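Each chain, written out:
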Amino acid sequence: MFNWNKSLNLSSPRNIRLLLWYSASFLFLGFFLKLTSELLEYKNFNSFDEPILLFIAKYIRMTPLNGTAVDITALGSPALISLFTIIGLVTLTIKKDKMGALFLALNVIGSTLWMSVLKNIIARNRPTIIPRLIEVEGLSYPSGHSLVSTATFLSLAFLLCRHIHSKKLITSVLISTGFIIFLVAFSRLYLGVHYPSDVISGILFGISWVLWLTALFKTFSRQNIPNLN
């Protein structure tokens, strides 16, 4: 049975660490809510979004890079996210890691549902500031590629880090994961299908979601997910 008195004891080092996990989650959620409230109040972030997109179109876009950008953005596509998730779930099932599989499934499914709900609430149209290099449909805020890829890759990284004992290697895994997430987000700007505020909001919410689920699992499960204490 869950012992609430023991769990609310802030003199416990474990509970202090849990408090930090929850606090970090709410911090990123707060950043997301602040950004979203500003968008709803002012309807756009033209002074922020437009210069960045125009800079990318003028100074970074090059024909040889266009194909690479399409390949990178595919890492956040529903097809590849589903593939990565299935591979992860199969691996965790073979390892008889039921809690790990549940953690991954909730991260991916939850982030996908949140993305759909948030897009329909905000109902922001996609940018027309620069020519689009690919044709996409649907609403713009937050970036689904950024949100779901952040939740998926970060949760996979956390699960992997449970089996790593070297802090340097854990740091390398997390930095590499962050770089992949950045590339997926930047590819959406390069292709002209999202505003910078779209991808930033997606990353913020994705991080918040993973951190919150991590804290929740660490609260109610004997198995640390991830073992980053």
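Refer to the structure presented above.
Position numbers for residues count from 1 along each chain, tracking the sequence in the order it is written. For this predicted model, a pLDDT threshold of at least 70 governs which residues receive local features, and a threshold of 80 or more governs which side-chain atom pairs are given and counted, while totals over whole chains, interfaces and linings are taken from all residues. Values shown for side chains rest on all heavy atoms present in the structure; no hydrogens or waters enter the calculation.

**Q** I keep staring at the overall build of the protein chain and nothing clicks. Help me out?
**A** The helix and strand labels rest on DSSP assignments: H or I over at least four residues marks a helix, E over at least two residues marks a strand, and numbering proceeds from the N terminus. A tally of helices and strands in the protein chain yields nine helices and zero strands. The N-to-C order of helical and strand elements in the protein chain reads α-α-α-α-α-α-α-α-α. C-alpha atoms define the radius of gyration, and 2.2 Å times the number of residues to the power 0.38 defines the globule rule. Relative to the globule expectation of 17 Å for 229 residues, the C-alpha radius of gyration of the protein chain, 19 Å, shows essentially globular dimensions. Considering only C-alpha atoms, the protein chain reaches an extent of 55 × 40 × 30 Å along its principal axes. Whether a residue is buried, partly exposed or exposed follows from its accessible area with a 1.4 Å probe, protein chains only, as a fraction of its type maximum: under 20%, in between, or over 50%, in that order. Relative to its 229 residues, the protein chain shows a buried fraction of 44%. Put simply, of all contacts in the protein chain between residues at least 6 apart along the chain, 78% involve residues at least 24 apart. Surface accessibility in these figures is a Shrake-Rupley result with a 1.4 Å probe; residues are shielded only by whichever protein chains are displayed. Summed over its atoms, the accessible surface of the protein chain is roughly 12,500 Å², and 69% of this surface lies on carbon and sulfur atoms. Every residue pair with non-hydrogen atoms within 4.5 Å of one another is taken to be in contact.

**Q** Whenever I open this one, the environment of Leu104 confuses me. Can you help?
**A** Of note, Leu104 is situated in helix α6 (residues 98-122). Given the relative accessible area of 0%, Leu104 is considered buried. With 52 residues separating them along the chain, Leu104 and Leu156 place their C-alpha atoms 7.1 Å apart. If sequence neighbours within four positions are ignored, Leu104 has contacts with Thr85, Gly88, Leu89, Leu92, Ser155, Leu156 and Leu159.

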